[in-house]
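Remarks on the overall topology
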Amino acid sequence: MSNSIKPAHQKELFGHPIGLYVLFFTETWERFSYYGMRALLVVYMTAKTMQANGQSGLGWLDGEALALYGWYTMLVYLMSIPGGFIADRYIGQKKAVFIGAVLLTAGHGILAIDAVWAFFAGLGFIILGVGMLKPNISTMVGGLYKQNDIRRDKGFSIFYVGINLGSFLASLSVGLVVKAYGWHAGFGLAGIGMLLGLLVYLYGQQYLVHVGNAPTVEQKSSDISIGALFNQLFKSPLQLGIVVLLLIYSLYAGFTYEGADHWGYGILFIVLSLITGVMMMIYKNLHNQVEKDRYVVLLLSLLMVMVFWGCFEQMGGLMNLYAQEKTNRMLMGFEVPAAWFQGAGAGFIILLAVPIANYWAKRKLKGNEASSLFKMGVGIIIMGIGFVYMVFASMEYEANGSSAMYWLVLAYLFHTIGELCLSPVSLSFFTKLAPTRYMALMMGVYWAATGLGNKLAGIIGESSVKAGEFNVFGGLFLFAVLFGLIVVLLLKPLKRLTHGAEDKETLIHDDETEGFELSNH
């Protein structure tokens with residue numbers, strides 16, 4: 001008698017592997033901690049050192065706070081590159097997510113301490129923790145589905161609901177806790193959320209047995225290490241010359257840029273120069289033209305990701321300050337906490353994520369245009385339209401000294417629809433096109449592009465101090481809409497470069513694949 005049992009992680013619930021829901025709730029609590037803290041960060045830095053209610057902020061200027069916000073949110077995602085590489089090469093995604101969760105729990109716990117050293121130390125732990133967790137948990141979601149399974153996009157959309165459920169719960173609860181007990185109680189609540197996420201992940205290991213494991217000796221031997229890529233770079237004159245020119249400019253920036261963080265930019269450019277070298281050598285090492293063409297599309301989609309988040313992430317910076325300082329937040333005698341507006345987008349995502357994913361899936365099955373590139377271009381356009389309402393808010397503020405809350409809510413609604421068209425789709429798109437042996441590393445690059453978009457958002461937010469919100473919001477509207485239209489116009493040649501990666505998608509359950517049979521003899 002022999003038994004071939006279907007692996008536990010492939011058991012299904014509501015048409016998807018149970019492992020998806022384990023990762024869903026892990027990410028829910030991780031994002032609860034991250035967005036709960038993010039909703040406080042800029043407002044805490046700009047709050048007076050001692051307020052009438054006894055709470056103590058850092059008392060920074062708006063420009064200083066937005067600058068640090070940009071650096072912090074960029075580093076959070078830029079660390080995804082080493083996080084993805086460590087998982088890819090040494091420990092596997094599953095263990096990397098565990099380490100990241102432990103670091104995040106520690107970081108948020110440290111932020112609960114009322115001291116300047118604790119503020120910076122806590123941010124440091126969070127940067128390292130997100131770098132280990134973020135790229136690898138996304139890779140695990142993709143690994144739950146077989147190639148060409150149309151459920152993959154919907155799976156990522158469900159996963160995305162988990163992200164925003166955490167954000168929504170955090171925005172509501174953390175704002176109230178801060179109002180009642182102070183800033184550091186809010187940071188502490190975020191830490192409790194991350195601890196819950198860690199416990200959920202540990203409990204759910206039985207459903208993740210065959211995904212995210214450490215690479216085998218055979219898999220390692222087929223990979224090319226970062227060191228090997230750099231060795232090849234020194235033997236490739238064209239690519240080496242490009243990297244050298246970029247490094248020279250990086251040093252120039254470090255010596256000549258104005259501001260206290262001029263060497264911050266110099267170091268950032270050095271890192272980006274080296275990443276560029278690695279990316280060029282990966283392209284050179286790809287096996288055939290199909291892989292190379294798809295890789296080019298991935299790199300172009302990174303630009304779309306950077307543009308989107310550079311505009312969208314005004315939500316956590318400039319728009320957060322706008323809600324705090326320039327919005328009439330009184331509602332029937334109650335002052336709505338500024339942090340609650342951060343929950344508007346998350347609330348809209350919870351309501352709209354699955355309906356929008358179903359709309360695109362049905363559109364594709366009917367033979368209408370629903371490629372990932374099309375959805376991403378449309379998402380950028382819709383997100384850009386959201387800034388029209390912030391233009392109206394700025395006009396009302398100039399006329400009356402404050403603006404209505406509904407302008408922010410309408411902006412968040414359009415930003416959310418745009419986000420749902422681009423963000424979960426781009427995640428899934430990467431898992432479809434990225435070379436398998438560089439999968440986690442490429443996911444790290446994806447999150448690094450998101451981080452660069454966040455840094456761009458911080459720079460744009462800083463510019464509002466001189467340019468004014470009206471000009472910034474109007475400029476973002478025009479740029480995003482035009483950029484999205486260009487993507488849509490270039491759709492046909494870009495799709496040709498994907499070589500039909502999305503043409504054969506269908507509904508695939510595990511009982512339709514080899515090796516997952518239940519038999520008794």
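Residues numbered from 1 in each chain as written. Predicted model: local features only at pLDDT ≥ 70, side-chain atom pairs only at ≥ 80, totals over all residues. Heavy atoms only, no water.

1. Focus: the environment of valine 278
Positionally, valine 278 belongs in helix H10 (residues 262-285). In this structure valine 278 comes out as buried when scored by relative accessible area, which is 11%. Sequence-wise, valine 278 and phenylalanine 230 are 48 residues apart; in three dimensions their C-alpha atoms are separated by 6.9 Å. (Helix = DSSP H or I, 4+ residues; strand = E, 2+ residues; numbered from the N terminus. Buried < 20%, exposed > 50% of the residue type's maximum accessible area, 1.4 Å probe, protein only.)

2. Digging into helix H12 (residues 318-325)
For an α-helix, the turn length of 3.6 residues means that residues three or four places apart are oriented alike. Summarising burial for H12: six of the eight residues are buried, a large majority. Three or more residues of H12 are buried, namely Leu318, Met319, Asn320, Leu321, Tyr322 and Ala323.

3. With respect to the packing of helix H1 (residues 18-46) against helix H3 (residues 80-111)
The description of two packed helices rests on the angle between their axes and on the distance between the axes. Running from amino to carboxyl end, H1 crosses H3 at an angle of 35 degrees, the nearest separation of the two axes being 11 Å. Of the two elements, H1 crosses H3, and the hand of that crossing is left-handed. Touching Glu30, Ser33, Tyr34 and Met37 of H1 are Leu104, His108 and Leu111, all from H3. When the residues that make up the contact of H1 with H3 are grouped by side-chain class, the tally is four nonpolar, two polar and one charged. (Axes fitted to C-alpha atoms, helices over the stretch in contact; angles between N-to-C directions. Left-handed = near helix turned anticlockwise from the far one by under 90°. Contact = heavy atoms within 4.5 Å. Nonpolar A, V, L, I, M, F, W, Y, C, P; charged D, E, K, R; others polar.)

4. Remarks on the nonpolar core
Residues Leu23, Tyr72 and Met390 are the most contacted members of the largest nonpolar core, which totals 145 residues. Element by element, the count of residues in this core is highest for H1, at 15 residues. (Core = buried A, V, L, I, M, F, W, Y, C linked by side-chain atoms within 4.5 Å.)

5. Notes on the confidence of the model for the protein chain
On average, residues of the protein chain score 82 in pLDDT, and 89% of them reach the 70 mark or higher. Taken as a whole, residues 1-9 scores under 50 in pLDDT and shows 28 contacts with residues more than four places along the chain or in a different chain. Across residues 511-521 the pLDDT falls below 50, and counting only partners more than four positions away or on other chains, this stretch makes 22 contacts in the model. (pLDDT = per-residue confidence, 0-100.)

6. Examining the environment of leucine 199
Within the secondary structure, leucine 199 sits in helix H6 (residues 183-203). Once the C-alpha coordinates of leucine 199 and alanine 101 are considered, the two residues, 98 residues apart in sequence, prove to be 9.5 Å apart.

7. Regarding the pattern of salt bridges
Scanning all chains against the criterion turns up five salt bridges. Glutamate 27 is paired through a salt bridge with lysine 134; the nearest N and O atoms lie 2.5 Å apart. Of this pair, glutamate 27 sits in helix H1 while lysine 134 sits in helix H4 (residues 116-143), and the two are 107 residues apart along the sequence. (Salt bridge = Lys/Arg side-chain N within 4 Å of Asp/Glu carboxyl O.)

8. Focus: the side chain of asparagine 320
Looking at where asparagine 320 falls in the secondary structure, it is placed in helix H12. Beyond its immediate chain neighbours, meaning those up to four positions away, asparagine 320 contacts Arg38, Ala39, Val43, Gln314, Met315, Ala338 and Gln342.

9. A closer look at a nonpolar patch on the surface
Together, Phe98, Ile99, Val102, Ile192, Leu195, Leu196, Leu199 and Leu202 line one region of the surface with nonpolar side chains, adding up to about 640 Å² of accessible area. It is H6 that provides the largest number of residues to the nonpolar patch, a total of five residues. Here phenylalanine 98 shows up in helix H3. (Patch = residues over 30% accessible without salt bridge, like charges linked within 9 Å, V, L, I, M, F, W, Y side chains within 5 Å. Areas by Shrake-Rupley, 256 points an atom, 1.4 Å probe, with all protein chains shown as cover.)

10. Some words on the packing of aromatic side chains
Both the distance between ring centres and the angle between the ring planes are used here to describe each pair of aromatic rings. All told, the structure shown has 32 aromatic pairs when counted by the stated rule. On the numbers, 5.4 Å between centres and 15 degrees between planes, the contact of phenylalanine 308 with phenylalanine 312 is stacked. You can see phenylalanine 308 and its partner phenylalanine 312 sitting in helix H11 (residues 289-312), four residues apart, about one turn around the helix. Summarising the burial analysis for this pair, phenylalanine 308 and phenylalanine 312 share the class buried. When the ring of tyrosine 389 is compared with that of phenylalanine 392, the centres are 6.4 Å apart and the planes differ by 75 degrees; the resulting orientation is edge-to-face. Here tyrosine 389 and its partner phenylalanine 392 are both found in helix H14 (residues 372-400), three residues apart, which amounts to about one turn of the helix. Note on tyrosine 389: relative accessible area 18%, which makes it buried. Accessibility expressed as a relative area gives 35% for phenylalanine 392, which makes it partly exposed. What links up through ring pairs into an aromatic cluster is the set Tyr44, Trp60, Phe119, Phe120, Trp183 and Phe187. (Phe/Tyr/Trp six-rings, centres within 6.5 Å; stacked < 30°, edge-to-face > 60°.)

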